[in-house]
Amino acid sequence: TIAMRALNNFHANQRMEADAYSLTNGAGGDGTLYITADTSAVVGDYVKLTAADMSILSQNVIERGTGSDNGSDGTSVVAMTVQAGSSLTKVQAASKVIIGTGASLEGTGVSSRTDTGAVKGQNLSLQAFNIMDVKDSYAFESASVIGLPFVSAEMDIALDALVQIG
């Protein structure tokens, strides 16, 4: 059995909080998070691998905002308030399995049928994954006569998953 795994796990939370207690007030915050994740599982040129079971995996797992300390919130106790929050999350992820020029992946053993009729034999698995769970949240509380909340959230995501042979 040959198992080659290139794994990249990324987890981040971002927290902004603004509280105000006055006659008039403005409160807010801006947050920007840039994530770049490149993962490659490579079998080099002219390498020969022989096994009954081969698995080659390249995987990025990106989590943002899945914890309790993520997001933005604010509390205002004023006559007039402006509450604002903005968030920008940029993700660029590439996951690659590359089999080099002239490389050989060979399964050994005999293919046969089991007593249930299923075929049993060599197994070759080449997989490239990008798995994402990206969230953002805002919550504003106001005990104001006039309250003006403004929210902007943007996510810019570019993903690439590739299995390349030769």
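Residues numbered from 1 in each chain as written. Predicted model: local features only at pLDDT ≥ 70, side-chain atom pairs only at ≥ 80, totals over all residues. Heavy atoms only, no water.

A. Representation of the overall build of the protein in the model. A tally of helices and strands in the protein yields 0 helices and 11 strands. Order of helices (α) and strands (β) in the protein, N terminus to C terminus: β-β-β-β-β-β-β-β-β-β-β. In the protein, which comprises 166 residues, the share counted as buried stands at 31%. Sequence separation of 24 or more characterises 85% of the internal contacts of the protein that already satisfy a separation of 6 or more. Looking at the protein as shown, the accessible area adds up to about 9500 Å², and 50% of this sits on carbon and sulfur atoms. (Helix = DSSP H or I, 4+ residues; strand = E, 2+ residues; numbered from the N terminus. Buried < 20%, exposed > 50% of the residue type's maximum accessible area, 1.4 Å probe, protein only. Contact = heavy atoms within 4.5 Å. Areas by Shrake-Rupley, 256 points an atom, 1.4 Å probe, with all protein chains shown as cover.)

B. Focus on the nonpolar core. Core analysis: the largest hydrophobic core is formed by 10 residues, namely Ala6, Ala41, Val43, Leu49, Ala51, Met54, Ile56, Val97, Ile99 and Ala128. Sorting the residues of this core by element identifies strand 2 (15-43), strand 3 (48-51), strand 4 (53-64) and strand 5 (71-99) as the ones contributing at least two each. Ignoring anything within four residues of it in the chain, the contact list for Met54 reads Ile2, Leu49, Leu105, Glu106, Gly107, Asn123, Leu124 and Ser125. Formed by 7 residues, the second largest nonpolar core is a distinct cluster that contains Ile35, Ile62, Val91 and Ala93. (Core = buried A, V, L, I, M, F, W, Y, C linked by side-chain atoms within 4.5 Å.)

C. Main features of the environment of Gly31. In this fold, Gly31 is placed in strand 2. Relative accessible area serves as the criterion here: at 6%, Gly31 is assigned to the buried category. Counting along the chain gives 57 residues from Gly31 to Leu88, while the straight-line C-alpha distance between them is 6.4 Å.

D. Quick peek at the side chain of Ser55. Assignment of secondary structure puts Ser55 in strand 4. A polar contact is formed between the side chain of Ser55 and the side chain of Arg5, at a distance of 3.3 Å. In this structure Ser55 touches Ile2, Ala3, Met4, Arg5 and Ser125, once residues within four positions along its chain are discounted. (Polar contact = N/O pair within 3.5 Å; in protein donor to acceptor, adjacent residues only side chain to side chain.)

E. Structural context of the pattern of salt bridges. Applying the stated criterion across every chain, the model contains 2 salt bridges. Here Lys48 ties to Glu106 by a salt bridge, and the two come within 3.8 Å at their closest N and O atoms. In this pair, Lys48 sits in strand 3 while Glu106 sits in strand 6 (residues 104-107), placing the two residues 58 residues apart along the sequence. The class of Glu106 is partly exposed, set by a relative accessible area of 35%. For Lys90, the salt bridge identified is with Asp156, shortest N-O distance 3.9 Å. Note that Lys90 is positioned in strand 5 and Asp156 in strand 11 (residues 146-165), a separation of 66 residues in sequence. (Salt bridge = Lys/Arg side-chain N within 4 Å of Asp/Glu carboxyl O.)

F. Structural view of unusual backbone geometry. Of note in this structure, Tyr46 is not a glycine but carries a positive phi near 60 degrees. Along the chain, Tyr46 falls in the loop between strand 2 and strand 3.

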